[in-house]
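Breakdown of the fold
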Amino acid sequence: SNLLSPAGAVKNDADGDAVTVTLETPYYEQIPGLKTWKNLFLTYDIRDAATDNPYLNVSYVKSPESTTYIALLDAQSATAQKAETTGIIREKIPIRLPAHGLGFKITQVNASSDTFLYAIEADVHEREGSRRG
């Protein structure tokens, strides 16, 4: 495929390995103190080029020093996997955690013809005075 205008069907690198995406966000804390992290909203589009069945795994860390990510499981499907799409979708992923801040990691598994990540949003509420840590 041409470097400046790649074709979606070219999903492997020169060694034949699938080209996948990994995104690690900064640690988001904003206001000091314990907060309730309710939901994560992920707007994305991931297309399958053939029968590779690509998906995204979503995980988080609760401290900026941590290197061990915890899978953010969807309560309905009991998995962190966000499957391939046929268009742009905005998916709500319940977090339901008390934390000072969170950092996120989104990892693609298997090859895709196109992967677009449009937005990462969070529904975060400051805790009332008696519940702050």
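Residues numbered from 1 in each chain as written. Predicted model: local features only at pLDDT ≥ 70, side-chain atom pairs only at ≥ 80, totals over all residues. Heavy atoms only, no water.

Within the chain, Arg96 stands out as a residue other than glycine whose phi angle is a positive 55 degrees. Relative to the assigned elements, Arg96 resides in strand S6 (residues 89-99). One non-glycine residue, Asn110, adopts positive backbone phi at about 75 degrees. For Asn110, a relative accessible area of 32% gives the class partly exposed. (Helix = DSSP H or I, 4+ residues; strand = E, 2+ residues; numbered from the N terminus. Buried < 20%, exposed > 50% of the residue type's maximum accessible area, 1.4 Å probe, protein only.)

The subject of this paragraph is the nonpolar core. One finds Leu40, Leu72, Ile95, Leu102 and Phe104 to be the most contacted residues of the largest nonpolar core, which totals 16 residues. Going through the elements one at a time, strand S2 (35-47), strand S3 (55-61), S6 and strand S7 (103-109) are the ones with two or more residues in this core. At 5 residues, S2 tops the list of elements feeding residues into this core. Contacts of Ile95, omitting those with residues within four sequence positions, involve Trp37, Lys38, Asn39, Leu40, Leu72, Leu102 and Phe104. (Core = buried A, V, L, I, M, F, W, Y, C linked by side-chain atoms within 4.5 Å. Contact = heavy atoms within 4.5 Å.)

This part covers the sheet that holds S2. Pairing within the open sheet is antiparallel, and its 3 strands lie in the order S6-S2-S8. Looking at which strands have only one partner, the edges of the open sheet turn out to be S6 and strand S8 (114-126). On average, each strand axis in the sheet is inclined to that of its neighbour by 20 degrees, with strand direction left out of account. (Pairing = 2+ DSSP bridges. Axes fitted to C-alpha atoms, helices over the stretch in contact; angles between N-to-C directions.)

Here we take up the pairing of S7. Both strand S1 (residues 22-24) and S7 contribute to a ladder of 3 bridges, which runs antiparallel. Considered in S7, the bridge of Thr22 is made with Thr107. The pairing of S3 with S7 spans 7 bridges and is classified as antiparallel. The residue of S7 that forms the bridge with Leu56 is Gln108.

Quick look at the packing of aromatic side chains now. As enumerated under the stated definition, the model contains 2 aromatic pairs in all. Aromatic side chains Phe116 and Tyr118 sit 6.0 Å apart centroid to centroid with 25 degrees between the ring planes, which places their arrangement in the stacked category. Accessibility expressed as a relative area gives 45% for Tyr118, which makes it partly exposed. Here the basic side chain of Arg90 rests over the ring of Phe41, its NZ or CZ set 4.3 Å away from the ring centre. (Phe/Tyr/Trp six-rings, centres within 6.5 Å; stacked < 30°, edge-to-face > 60°. Lys NZ or Arg CZ within 6 Å of the ring centre and 35° of its normal.)

Counting through the fold element by element, Asp114 comes out in strand S8. For Asp114, a relative accessible area of 36% corresponds to the partly exposed category. The residues touching Asp114, leaving out its near neighbours within four places in the chain, are Asp45, Ile46 and Arg47.

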